[in-house]
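A closer look at the structure
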Amino acid sequence: MAAVPTPASELPEVAVHTSEPPRLHPIGRLRELWGVREILGNLVRKEVKVKYTSSVLGALWSLLNPILYLAVFSLVFALVLPNRIPHFAVYLLSGLIAWNLFAATLGLAARSVVDNANLVTKVYFPREILPLASFGAASVDFVLQMVVLLAFMAAIRYPFLGWNLLLLPLSMLALFAFTVAMALWVAALNVRYRDTQHLLNIGLTLWFWLTPVVYPSGFVWNKLLVEHDAPALWNLFLANPMAVIVMGFQRALYVTPQPAGATTPVLPPVSLAWLAMVVGAVAVGSIVLAVLAWRTFFHMSGDFAEEL
Amino acid sequence: MTAADGMTAAVEIRGVGKRFKRYREKPATLKERLIRFRQTSEEFWALHDVTIDIAQGSTLGLIGPNGSGKTTLLKLIAGILRPTEGTISTRGRIAALLALGAGFHPELTGRENVYLNASILGLSRAETDRLFDAIVEFAELQEFIDTQVKFYSSGMYVRLGFAVAVHVDPAILLVDEVLAVGDIAFQRKCLDKVEAFQREGRTIVFVTHAPDLVMRICDQVVLLDHGRIRAQGPPQQVVRDFRLLMTRTDLAYGAEEGTKEVEIVSADVFGSNGEAREWFEPGDGMVIQLDLKANTPVEGPVVSFAIHDDQNQFVFGTNSDWRGVTWPLFEGKHRVQFVLGGLPMVDGRFYVTLGVHSRDARTVYHTMQQALAFDVVRGPENTGAVNIPVECRSERL
């Protein structure tokens, strides 16, 4: 190790702290976050590891969970509660996987800063990493669930290859941006008001039933537009970004709006281009929302150590 | 960013203040906030108007009584807290050792925690890979590194935390009283590491309660009291001020007892010329003076004093009888002085317990536990446990 102090000119950048609340400069901040990406990786790894600690099967559960899920739903809806929707398990899972990422991220994110109080009050690091790690941990399950679903669809030779698949990356982009936006917001809010984490549970339950995961989105379309001729209500239904995102996933994977054997459409029989446009709009809106939420989070993060 | 003398400041603190809101009980929920809208918080300034330049490669000690704002200042430098006024500029990577093993997760193994903790403190995975063996060896945990941290003893936990912390490669190291952990051998090792950091030209900011350590390690010391800078400068001088401050604040919790047939009316310590003093240098003379009053005349009382150090170790004691002063019948008021020749203590805080009792020690007239306190502050020329007057000679042969 050199005993000679580094000349001033070679020293790294100067950090200045003032009484001004920190202002977000997204590009510079992204660079900073990139510099500490290993913290993110380690925190995600920690979350995943801790979740399955002291279990015999360990991380295998991440894979086993969606498989069992799929098996149970296939069985229940094929034998116990037969309905008029062919391949109901595929329909259900294609939307549920997206919803699960959203709900799991928010649940973890709400507690992320608060639960890491010992870290936040003792060490400086970009605080965004905490809710982002929640998102990362939930994403691990998301990826595994997606792999299981695609494998299952391939196994039963479900015809899902086609233009519809182009909706998948777009829907994912919208889902990720919207989830991160909400996660940042919920994490920051929960530091000041611990009510957030409790309200969140009931809020997510309500939100879940406003989103066409279990009931087919095509039924809603049919009821509102065909039976009642109420386009205003249909637009209101679409004002829920999660509804649009979930419909994007369903169209990408379940593919056919009205498969043979279904008396009413399972998915809204809109054109692929129209749906792509709506999902794209949600994606753009979510990215804007994410930057706004990031700004709020960043602004509030200067006082986290005091609030905890 | 260059200070007036051309030295580069690693940390520049300019007129910094920090105001906290203090809640009687923090209203953390919306309901509480609505009910007690704008009434419960009171504000207080943890720091006020603090300006310090910390030159690159220097070691700054922060001392002060509890609650004087030392840790707050450290957190401000680290960027964990935001100043309410003023600005702080820092140059280079900062590692803040505010709590060892912060962020250790009990369910993860030592190895996993090392990687997690190291990344939070700013080490890359590759760097951690390279340093891993050194970290484990420093922590002396080779056998337990793949055990979950929840099975560690508190000592093991702290050792691992420190081992990670000292292996990060900061330009500025902030240390908050963490050296007071672990066994003596481990503390030694930690101090060696801090000294190695100094040789490598890193900047260190160091919070401690131990004046001894400050004298040994720091180039410059800041004394904080109630959030304000009380003194700033070379260690010896500031430590002196610190001792003085502490003397004023924590003097004499003296428990009293006795029949009060003879009463200690007042007592004080002076320098050998009778000047009021609260600190002494090794070798200085000292006078312990008591004013006594007999409420009823008593026969042959004995006046005694005892000196204890801050660990309550008995250092020295004697009495009037042994020093050849007796009162066949003690009446009225008397002033008693014990004139001490050169103090042999080198450094520390000392407490004086005073007593008056009968010759057979069966009757205690009046005792005052730790009635007085004084400090001995060593100069740089004196090290060790006791002061030995030394004259150094040389002649050409």
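Every value quoted in this text rests on a predicted model; they were computed, and no experiment measured them.

In this section: the overall build of chain B. Helix and strand content of chain B: eight helices and 20 strands. Buried positions account for 40% of the 397 residues belonging to chain B. Contacts spanning at least 24 positions in sequence make up 73% of the contacts within chain B whose residues lie at least 6 apart.

On to the overall build of chain A, then. Of regular secondary structure, chain A possesses 13 helices and one strand. Its helices and strands taken in sequence order, chain A reads β-α-α-α-α-α-α-α-α-α-α-α-α-α from the N to the C terminus. Across its three principal axes, chain A shows a C-alpha extent of roughly 80 × 50 × 35 Å. Taking all 308 residues of chain A together, 40% fall into the buried category. Pairs at least 24 apart in sequence give 81% of the contacts found in chain A among residues at least 6 apart.

Quick look at the nonpolar core now. Ranked by internal contacts, the top residues of the largest apolar core, which has 193 residues, are Leu184, Val186, Ala187 and Ile245 of chain A together with Ala96 and Leu174 of chain B. With sequence-adjacent residues up to four places away left out, Leu174 of chain B is seen in contact with Leu74, Ile77, Ala78, Ile94, Ala96, Leu97 and Val205 of chain B.

Residue and element names in this part refer to chain B. A sheet is described by the order of its strands in space; here three strands give the open sequence E11-E13-E18, paired in antiparallel fashion. What marks the edges here is a single partner per strand, and that holds for strand E11 (262–271) and strand E18 (333–340). Recorded for the sheet is a direction-independent mean angle of 20° between the axes of neighbouring strands. As paired strands, strand E13 (residues 286–294) and E18 are joined by eight bridges and run antiparallel to one another. Note that in E18 the partner of Leu290 across the bridge is Val336.

Strand residues, when the strand is regular, have side chains that alternate between the two faces of the sheet. All names here are of chain B. Bridge count for strand E10 (residues 256–257) against strand E20 (residues 364–376) is two bridges, and the pairing is antiparallel. Note that in E20 the partner of Glu257 across the bridge is Thr367. With nine bridges connecting them, strand E19 (residues 348–358) and E20 associate as antiparallel partners. Bridge assignment links Tyr351 to a residue of E20, and that residue is Ala373.

Let us now look at the sheet that holds strand E3 (residues 59–63) of chain B. Each strand in a sheet pairs with another by means of backbone hydrogen bonds, the pair being arranged parallel or else antiparallel. Residue and element names in this part refer to chain B. Strand order in this open sheet of six strands is E5-E6-E7-E3-E8-E9, and the pairing throughout is mixed. Two strands close off the open sheet at either side, each with one partner strand: strand E5 (94–97) and strand E9 (228–233). Each neighbouring strand pair of the sheet contributes to a mean axis angle of 15°, computed without reference to strand direction. In this structure, E3 lies alongside strand E7 (residues 203–207), joined through four bridges in parallel fashion. Within the sheet, the bridge partner assigned to Gly61 lies in E7 and is Phe206.

Another aspect to go through is the interface of chain A and chain B. Facing the 35 residues of chain A at the interface are 44 residues of chain B. Mapped onto the side of chain A that touches chain B, the elements with two or more residues apiece are strand E1 (14–18), helix H2 (37–51), helix H5 (117–120) and helix H13 (304–307) of chain A. Broken down by element, the side of chain A that touches chain B gets its largest block of residues, six residues, from H2 of chain A. Here the side of chain A that touches chain B is composed, by residue class, of 19 nonpolar, eight polar and eight charged. With five bridges joining them, E1 of chain A and strand E4 (residues 85–91) of chain B adopt antiparallel strand pairing. The partner of Val14 of chain A across the bridge, within E4 of chain B, is Arg91 of chain B.

For the rest of this paragraph, the subject is the environment of Ala252 of chain A. All names here are of chain A. Position of Ala252 among the secondary structure elements: in helix H11 (residues 241–253). Residue classification places Ala252 among the buried residues on the basis of 25 C-beta atoms within 10 Å. For Ala252 and Val148, which are 104 residues apart along the polypeptide, the C-alpha to C-alpha distance reads 16 Å.

Right, let's talk about unusual backbone geometry for a bit. All names here are of chain B. Its identity is not glycine, yet Glu140 carries a phi of approximately 60°, on the positive side. You can see Glu140 is positioned in the loop between helix H4 (125–139) and helix H5 (154–167). Residue classification places Glu140 among the partly exposed positions, given that 16 C-beta atoms sit within 10 Å. Phi at Lys260 takes a positive value of approximately 65°, unusual for a residue other than glycine. With respect to the helices, strands and loops of the structure, Lys260 is situated in the loop between E10 and E11. Residue classification places Lys260 among the partly exposed positions, given that 16 C-beta atoms sit within 10 Å.

Basis of the calculations
- Residues numbered from 1 in each chain as written.
- Chains lettered and ligands numbered in written order.
- Predicted model: local features only at pLDDT ≥ 70, side-chain atom pairs only at ≥ 80, totals over all residues.
- Helix = DSSP H or I, 4+ residues; strand = E, 2+ residues; numbered from the N terminus.
- Buried ≥ 20, exposed ≤ 12 C-beta atoms within 10 Å, placed from the backbone.
- Contact = placed C-beta atoms within 7 Å.
- Core = buried A, V, L, I, M, F, W, Y, C linked by C-beta atoms within 7 Å.
- Pairing = 2+ DSSP bridges.
- Axes fitted to C-alpha atoms, helices over the stretch in contact; angles between N-to-C directions.
- Nonpolar A, V, L, I, M, F, W, Y, C, P; charged D, E, K, R; others polar.

The quantities given are spatial measurements derived from coordinates; they are silent on function.
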